[in-house]
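# Residue-level structural notes
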Amino acid sequence: MEVMLTDNAIEILRARYLARDEAGKVVETPAQLFRRVARAVSMAEACDRPLWEERFFRLMEQGEFLPNSPTLMNAGLPEGQLSACFVLPVGDTMDAIFECLRHTALIHQSGGGTGFNFSSVRPRGDRTGSGPGTASGPLAFMQVFDEATRQVRQGGRRRGANMGILECTHPDVLAFVRSKEDPSQLQNFNLSVGVSDQFMKAVERGNPWALYNPRDGKQWGELPARELWGAIGQQAWKRGDPGLLFLDTINAGNTVPSLGRLQATNPCGELPLYPYESCNLGSVNLRGMVRKDLQGHPGVDWERLGATVRTGLRFLDNVISVNRFLLPQVREVTLANRKVGLGVMGWAELLIELGIPYASEQAVDLARNVMGFIRECSYEASEELARERGPFPNWPGSVFYPKRPLRNATCNSVAPTGSISVIAGTSYSIEPLYALAFKRVGILEGETQWETNQVAYRWLLERGLWTPDLEQHLRDNGGVSGYQGMATGVRELLATAHEIPWEYHLAHQQAFQEHTDNAVSKTVNLPRETPESMVSEVYWRAWELGLKGITVYRDGSREGQVLQHCSRS
Ligand code: UDP
């Protein structure tokens, strides 16, 4: 049987996912890939294994649910490392730092991404234990990590991604904030300043802000809180980095607080994790979850969505059981919490199918309902798994104890789905469409060709609005806005990322975050002409709304991006 895939999907699968023999020749079809993954993941089943293999296969084959890339690439193969997300600890000794670098290289090689909080590293210029020299500081080590990442490609299939975090109390924080001033620096890192509520209040009041040396806990210096805040906004406006991580909000939502504070996330921010903890993700394709009622009105197919989420969650729990862990430390923490991150993709396309503009209260309400429903179904599935297989070992130290035995310490995350949404043939994660027509750069050959978003195309075609003239307009402008005679309702429904006011970007992030136990990866896209002060405003509002983190991308502000959303330009 051959599965239905877009040309883009076939191309990306051939380039990076399909298994190869020793000579590098592709030795499987997409259907065989889904079969390989389904079989490997079903090995965790004690009863009815073939039945589960079939269910998992159908989910992927019909493009309803896909696990994160390393699972697609490695399941059933000798590599067998299936998780996309890791956090590693960085100590304040040469030994610890280079041990961490070695672990990072191994993880990148297997297709995983890594996040680090560098705040334990003593500041630049501090004394060192050995000899008369002074310390290089966290930034110097980040450059070493960056260079190592450049050299180690992920199993030859993509480059590793990193999240570098420095907390707002670290003496080197201002240099960290400005470290991408030169855009050739730290290209394999997303940067986030870890901020506390106390810092945000100091900014609000215009107070001084103290910096502490992590080596001895003594005060190192101070600066006006607003100076640091201003630098963050300025750099984010200029370069798209740094983002913010709201560490107090993250910890307020920690489901296993007995293990201590969470201090870092994976590269795209959707997973706060403990040192050495790993997590595997999977996303439901919302675009496929539409059903017409008897009058022919489209609505969400709740029944199908619920069933997909339940099987998807079981799939992800199985992935933990069949995973090959690269390091004993990773195995220990990961198996003790059994975190998974089930999320979504195709949100923008679902909204178009339902005729609801992204920038509307109706869309935000639906976001809340959809994610609330997904969360409930995931938790029910995890509860059922706990009855069958036992709760996660740290359950007694979790917020769920003793009322709700669960198999997984967390169930949901909203990942960027940079590659798997291309495989599923839908829009990224919860992002609005970036453009209705775009030039596709061939992954291998480098040739370009024009493509139109198929959902928008069909919508226009069915209403008799599609013309060659409109097609040309979309190629020239990316969207329908500015096209003579186009009704306001159509312009609103098909608005692209830069036309969506930032308030609605945040409103969607918040609506999904409200029902996500981990976090939501979202890029607030801003037009090129956005004033600098607006970035600070967006960041401020993100904190007020209770988001766990925030990233902006002003058009044209970043040259080399960590994640290549490879098939579109
Ligand atoms: N990731 C990575 N390298 C990449 C893309 C992603 O290591 O080039 C990791 C990273 O931890 C990220 C996670 O995979 O947060 C999920 O990203 P995404 O959803 O875009 O991955 P996909 O499964 O679609 O490849």
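Just above sits the structure.
Residues numbered from 1 in each chain as written. Predicted model: local features only at pLDDT ≥ 70, side-chain atom pairs only at ≥ 80, totals over all residues. Heavy atoms only, no water.

## Re the overall build of the protein chain
What counts is decided by this rule: The helix and strand labels rest on DSSP assignments: H or I over at least four residues marks a helix, E over at least two residues marks a strand, and numbering proceeds from the N terminus. Each radius of gyration reported is based on C-alpha atoms, and the globular scaling rule is 2.2 Å times the count of residues to the power 0.38. Type-normalised accessible area, obtained with a 1.4 Å probe on protein chains alone, sets the label of each residue: buried when under 20%, exposed when over 50%, and partly exposed for intermediate values. The contact rule is simple, with two residues in contact once any of their heavy atoms fall within 4.5 Å. Surface exposure here means Shrake-Rupley accessible area, sampled with a 1.4 Å probe, where a residue is shielded only by the protein chains that are shown. A positive count includes Lys and Arg, and a negative count includes Asp and Glu. His and the chain ends are not counted in either. For this purpose, a charge sits on NZ of Lys, CZ of Arg, CG of Asp or CD of Glu.
Along the backbone of the protein chain there are 20 helices and 21 strands. Relative to the compact-globule value of 25 Å for 569 residues, the protein chain shows a C-alpha radius of gyration of 23 Å, a close match. Considering only C-alpha atoms, the protein chain reaches an extent of 75 × 60 × 55 Å along its principal axes. Relative to its full complement of 569 residues, the protein chain shows a buried share of 59%. Put simply, of all contacts in the protein chain between residues at least 6 apart along the chain, 72% involve residues at least 24 apart. For the protein chain, the exposed surface amounts to about 22700 Å²; the carbon and sulfur share of it is 49%. Measuring between centres, the 59 positive side-chain charges of the protein chain sit 3 Å from its 65 negative side-chain charges.

## Focus on helix H5 (residues 94–109)
Stated precisely, the cut-off is as follows: An expected span of 1.5 Å times one less than the residue number is assigned to each helix.
If you check H5, its first and last C-alpha atoms are 23 Å apart, about what 16 residues at 1.5 Å a residue would give, namely 22 Å. Taken together, the buried positions of H5 are Ile97, Cys100, Leu101, His103, Thr104, Ile107 and His108. Of the residues trailing H5, Gly111 is marked for its positive phi of about 100 degrees.

## Brief notes about the site of the ligand
As a reminder, the rule being used: For this description, a residue counts as near a given molecule or strand if any of its non-hydrogen atoms is within 4 Å of it. Definition of a polar contact: a pair of N or O atoms within 3.5 Å, with one able to donate and the other able to accept a hydrogen when the atoms are protein atoms, and with sequence-neighbouring residues admitted only if both atoms are side-chain atoms. Residues are grouped as follows: nonpolar covers Ala, Val, Leu, Ile, Met, Phe, Trp, Tyr, Cys and Pro; charged covers Asp, Glu, Lys and Arg; every other residue, Gly included, is treated as polar. Start and end points for every domain follow an automatic or database-based domain assignment.
Taken together, 22 residues surround the ligand, and among them Ser69, Arg158, Asn266, Thr417 and Gly418 come closest. Note that an oxygen atom of the ligand is positioned 2.4 Å from one of the side-chain N or O atoms of Ser69. At 2.6 Å, a backbone N or O of Thr417 approaches an oxygen atom of the ligand. Against a free-state accessible area of 520 Å², the protein chains account for coverage of 96% of the ligand. Classifying every residue of the shell around the ligand by side-chain character gives 10 nonpolar, nine polar and three charged. Here the shell around the ligand spans two domains, and each of domain 1 (7–82 + 267–290 + 299–421) and domain 2 (85–123 + 136–148 + 160–265) adds at least three residues to it.

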